[in-house]
Amino acid sequence: MSSTSVANDNGYLALADVIEVIGDLDGAWRLIGGQMVTLHVLHHQVDVVARETADTDLGAERVLASDSRLPAGMAALGYTLVGGNTFVRGEAPGQRSIDVLAPIRYGVNGRSNTPAGNLSVDESPGLRLGLQRPPDRVHVTVRLTTADELSLTVDLPDLLSAIVLKLGAYRTRLAPRDIEDLWPMPRSVSRSWWWAWVRSMRGGVA
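Predicted model, so just to flag it, every value in this text is computed and none were measured.

### Comments concerning the overall build of the protein
Looking only at helices and strands, the protein features 8 helices and 9 strands. Restricting to contacts in the protein with at least 6 residues of sequence separation, those with at least 24 account for 66%. By element, 54% of the accessible surface of the protein is carried by carbon and sulfur atoms, the whole surface being about 10300 Å².

Take a look at the structure:
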C-alpha cells in the first residue's frame, strides 16, 4: 500500500516504532483507531477511500501498558510522554504520535487517566473483546511519500471486535469520524465471508 500524505507517513512511522518497542514485552495488543479501519479495508479489498490519520492508537492489555520497558523503549526512540498516555516525537509537519489505551476494568463506560504503571491510560469500550478474540494478523508493506518502505506485521482486532470498538467509541464521544470509520466495516465483513467461501470451494487454497 502507498501512503498518500506526510500525515499518513507520520502515522505509519509511529506504528513501526511502537511495534519495535513492544515486540519483546508481555501482554496482547491490537492496533485500533483509524489505522485499524484502513488496514481492514485494504486487507479485505473494500473499494473505499481510507480516512487519513496521523497518529497510532495502541490497544494494550494492562500488563503491557504497565510495563516500565514501554515508556523506556519509546524514550530511547526519541519520544516524550505527554498527558499520561501519549508518546510524541518531533515537531510538525513530521511529528509522530502514539496513544496507549487499555480495556475497561469495571462497568461499561470507559474512564480517562486510569493508572497503568508509569502511564495514565484511557479505557476503550470494546477493547477487552478485541484482546480476547484471536487477532486478524496482517503483513503490510507501506510505501511512504519519500519512497522509503516499511514492512509491518500488525495484530488487528477481528472484524466483529473492530465494529464493537467503533460503536463504543461513537457512543462515548459522538465524533463524526467514528461514523466515517464504521460504514466500510460491514462491507469488510461481507468480503471476509466471500473469500472464506472461495477458499472452501478451492479446498482451503486462496
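### As for the environment of Leu 156
Looking at the element boundaries, Leu 156 is found in strand E9 (residues 149-156). For Leu 156, a relative accessible area of 0% corresponds to the buried category. Residues Leu 156 and Val 37, 119 residues apart in the sequence, show an inter-C-alpha distance of 9.1 Å. Ignoring anything within four residues of it in the chain, the contact list for Leu 156 reads Arg 30, Leu 31, Met 36, Leu 39, His 40, Pro 135, Asp 136 and Val 138.

### Observations regarding the pairing of strand E8 (residues 136-143)
Where E8 lies against E9, 8 bridges are found, and the strand directions are antiparallel. When the sheet's bridge partners are listed, His 139 is paired in E9 with Thr 153. From the end of E8 to the start of E9, which pair antiparallel, there are 5 residues, and Ala 147 there has a positive phi angle of about 80°.

### Considerations on the pattern of salt bridges
Tallied over the entire structure, the rule returns 8 salt bridges. Here Asp 17 makes a salt bridge to Arg 96, at a shortest N to O gap of 2.8 Å. Of the two residues, Asp 17 sits in helix H1 (residues 6-22) while Arg 96 sits in strand E5 (residues 96-103), which places them 79 residues apart along the sequence.

### Quick word on the pairing of strand E4 (residues 86-89)
Relative to E4, strand E3 (residues 80-82) is paired through 3 bridges, and the arrangement is antiparallel. For Thr 80, the partnering residue across the bridge sits in E4 and is Val 88. Between E3 and E4, which pair antiparallel one after the other, the connecting turn spans 3 residues, and Gly 83 there sits at a positive phi close to 70°. Here 4 bridges tie E4 to E5, and the two strands are oriented antiparallel to one another. Residue pairing in the sheet places Arg 89 in a bridge with Arg 96 of E5. Adjacent in sequence and paired antiparallel, E4 and E5 are bridged by 6 residues, among which Gly 90 carries a positive phi angle near 80°.

About the cut-offs
- Residues numbered from 1 in each chain as written.
- Predicted model: local features only at pLDDT ≥ 70, side-chain atom pairs only at ≥ 80, totals over all residues.
- Heavy atoms only, no water.
- Helix = DSSP H or I, 4+ residues; strand = E, 2+ residues; numbered from the N terminus.
- Contact = heavy atoms within 4.5 Å.
- Areas by Shrake-Rupley, 256 points an atom, 1.4 Å probe, with all protein chains shown as cover.
- Buried < 20%, exposed > 50% of the residue type's maximum accessible area, 1.4 Å probe, protein only.
- Pairing = 2+ DSSP bridges.
- Salt bridge = Lys/Arg side-chain N within 4 Å of Asp/Glu carboxyl O.

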